[in-house]
Amino acid sequence: MSAPNKSYDPVEVTALRPEELDRARDDAIAAIAAASGLAELKEARIAHAGDRSPLALANREIGALPPAARAEAGKRIGAARGAVSQALKQRQAELEEERDQRVLVEEAVDVTLPWDRTPRGARHPLTTIQERMADVFVSMGFEVAEGPEVEAEWFNFDALNFKPDHPARTMQDTFFVESEDTGLVLRTHTSPVQVRSLLTRPLPVYVVAPGRTFRTDELDATHSPVFHQLEGLAIDEGLTMADLRGAIDAFVTGMFGAGLAVRMRPSYFPFTEPSAEVDMQCFVCRGASVERGAPPCRTCGSEGWIELGGCGMVNPRVLVAAGVDAERYSGWAFGLGVERTLMFRHGVEDMHDMVEGDVRFALPFGMEI
Ligand code: FA5
């Protein structure tokens, strides 16, 4: 700022000359108009309205003027600064409006885009049917038991009265863990849960054990190396084959509806004596397809019967292996194929569909729980 001076005229101070003030104002207004964005406008504001701008510097010169000249010079500077400030305000509003419009366009949400980016899943029908099968027995008072999939050979074979040279113990039929002498196998059936349940639960024992089982079978339309069974075991005083028969009848009614006959055919399992294969009447043709001239039935292959699994009275040797008094207690067991039950009940024709994991197979079964 210049020193106070009592004599000179404002028009003699360069910064305060009207044409200088007009130029500073016009430069400022031009720069403000040229600002194409809020950042550029900020720069123009600092350059033309900030503390070091020509108009601000000119304003400081007022103090050096004689008092009589100050009012007039102040008025001109005030008018110029007012014009700049007005231009800034107006351009700021324009640029903010432009920005808001741009944001509305650029950040618009297209509400018509598909929202379901994660396709819907479904519970696998093997899981739901397995639960449903177990539920039929739970409703009769059975408990659900579990056992490990990697099982001790003792539980899978020895305790179930398989002789050391039984063919099921070879690598032909059984997946051994690491090598045959580890004593561990992938369980070939759910029957080892019978012995585990008897060793850990107080008598009487009524359990069902759904679970995954493994055999060295090739995958084809009706077999899989990994499949599921539902084991059932009832050990009490005075149980007979008639109770077993009644339980299977109740299962067939619970799963397939009323009025279907059940039959047992003699069979052999080391852990049951006597043993049987249990069949139910075909729930589609109800046995009619065996009649001469009747239309063929795809569900039972026109046999009239569907095989459900194996069963029998628990061999007393198994009871003894599990520490149960075989003089006092008796009972029965069964093992049903879950995949086969799904195939019959829902007309699934090929096991491949169950194992390939294509969600389109599972979706039509819905989310039944
Ligand atoms: C057994 O596994 C006995 N543990 C069943 C049993 C339990 C009998 C208790 C007596 C008392 P089996 O090997 O027959 O039995 O198998 C039972 C069912 O499992 C078969 O009827 C069939 O439905 C199913 N199954 C067997 N192998 C396969 C396979 N590779 N793929 C799909 N299902 C199979």
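All figures in this text were calculated on a predicted structure; none of them were measured in a lab.

Tallying secondary structure elements over the chain gives 12 helices and 9 strands in all. Each of the 369 residues in the chain was classed as buried or not, and the buried ones make up 39%. Long-range contacts, defined here as pairs at least 24 residues apart, represent 68% of the contacts in the chain between residues at least 6 apart. Accessible surface, the chain: about 20,200 Å² in total, of which carbon and sulfur atoms supply 53%. Each charge class in the chain was averaged separately, 38 positive and 57 negative side chains, and the resulting centres sit 10 Å apart.

This part covers the side chain of E277. Within the element layout of this structure, E277 appears in strand β7 (residues 272-281). Salt bridges are absent for the buried E277, whose nearest opposite-charge side chain, R265, sits at 4.8 Å. Among the polar contacts listed, one links the side chain of E277 to the side chain of S267, at a separation of 3.2 Å. With near-sequence residues (within four places) excluded, E277 lies in contact with R263, M264, R265, S267, F269, E307, G309 and G310.

Before going further, it helps to examine the site of the ligand. Near the ligand there are 24 residues, and of these H189, S191, R215, D217 and Q229 occur at the shortest range. Measuring from a nitrogen atom of the ligand, one finds a side-chain N or O atom of S191 at 2.9 Å. Contact between the ligand and R215: an oxygen atom at 2.8 Å from a side-chain N or O atom of the residue. Isolated, the ligand exposes 680 Å² of accessible area, and the fraction of that covered by the protein chains is 92%.

Another point: helix α1 (residues 18-34). Between its terminal C-alpha atoms α1 stretches 24 Å, which fits the 24 Å expected from 17 residues at 1.5 Å a residue. Listed as buried for α1 are L21, A24, A28 and I32. The buried residues of α1 occupy an angular sector of 65° when projected down its axis, which confines them to one face. Along α1, the residues that are exposed and aim more than 90 degrees away from the buried face are A33 and A34. Buried-residue contacts for α1 involve α2 (38-49), α3 (54-61) and α4 (67-106).

On to the packing of aromatic side chains. Counting across every chain of the model gives 12 aromatic pairs. Residues W154 and F155 carry aromatic rings whose centres are separated by 5.1 Å and whose planes lie at 80° to one another, so their mutual orientation is edge-to-face. Given a relative accessible area of 38%, W154 falls into the partly exposed group. Look at F155 and you get buried, because its relative accessible area is 14%. Taking 6.2 Å as the distance between ring centres and 20° as the angle between the ring planes, the aromatic pair formed by W332 and F334 counts as stacked. Grouped by ring-pair contacts, the aromatic residues F137, F142, Y206, F251, W332 and F334 constitute a single cluster. Between R196 and the ring centre of F155, over which it is positioned, the NZ or CZ distance is 4.0 Å.

The rules behind the values
- Residues numbered from 1 in each chain as written.
- Predicted model: local features only at pLDDT ≥ 70, side-chain atom pairs only at ≥ 80, totals over all residues.
- Heavy atoms only, no water.
- Helix = DSSP H or I, 4+ residues; strand = E, 2+ residues; numbered from the N terminus.
- Buried < 20%, exposed > 50% of the residue type's maximum accessible area, 1.4 Å probe, protein only.
- Contact = heavy atoms within 4.5 Å.
- Areas by Shrake-Rupley, 256 points an atom, 1.4 Å probe, with all protein chains shown as cover.
- Lys, Arg positive; Asp, Glu negative; His and termini not counted.
- Charge placed at Lys NZ, Arg CZ, Asp CG, Glu CD.
- Salt bridge = Lys/Arg side-chain N within 4 Å of Asp/Glu carboxyl O.
- Polar contact = N/O pair within 3.5 Å; in protein donor to acceptor, adjacent residues only side chain to side chain.
- Near = heavy atom within 4 Å.
- Expected span 1.5 Å × (residues − 1).
- Arc of directions from axis to C-beta.
- Phe/Tyr/Trp six-rings, centres within 6.5 Å; stacked < 30°, edge-to-face > 60°.
- Lys NZ or Arg CZ within 6 Å of the ring centre and 35° of its normal.

Geometric values such as these leave the question of function open.
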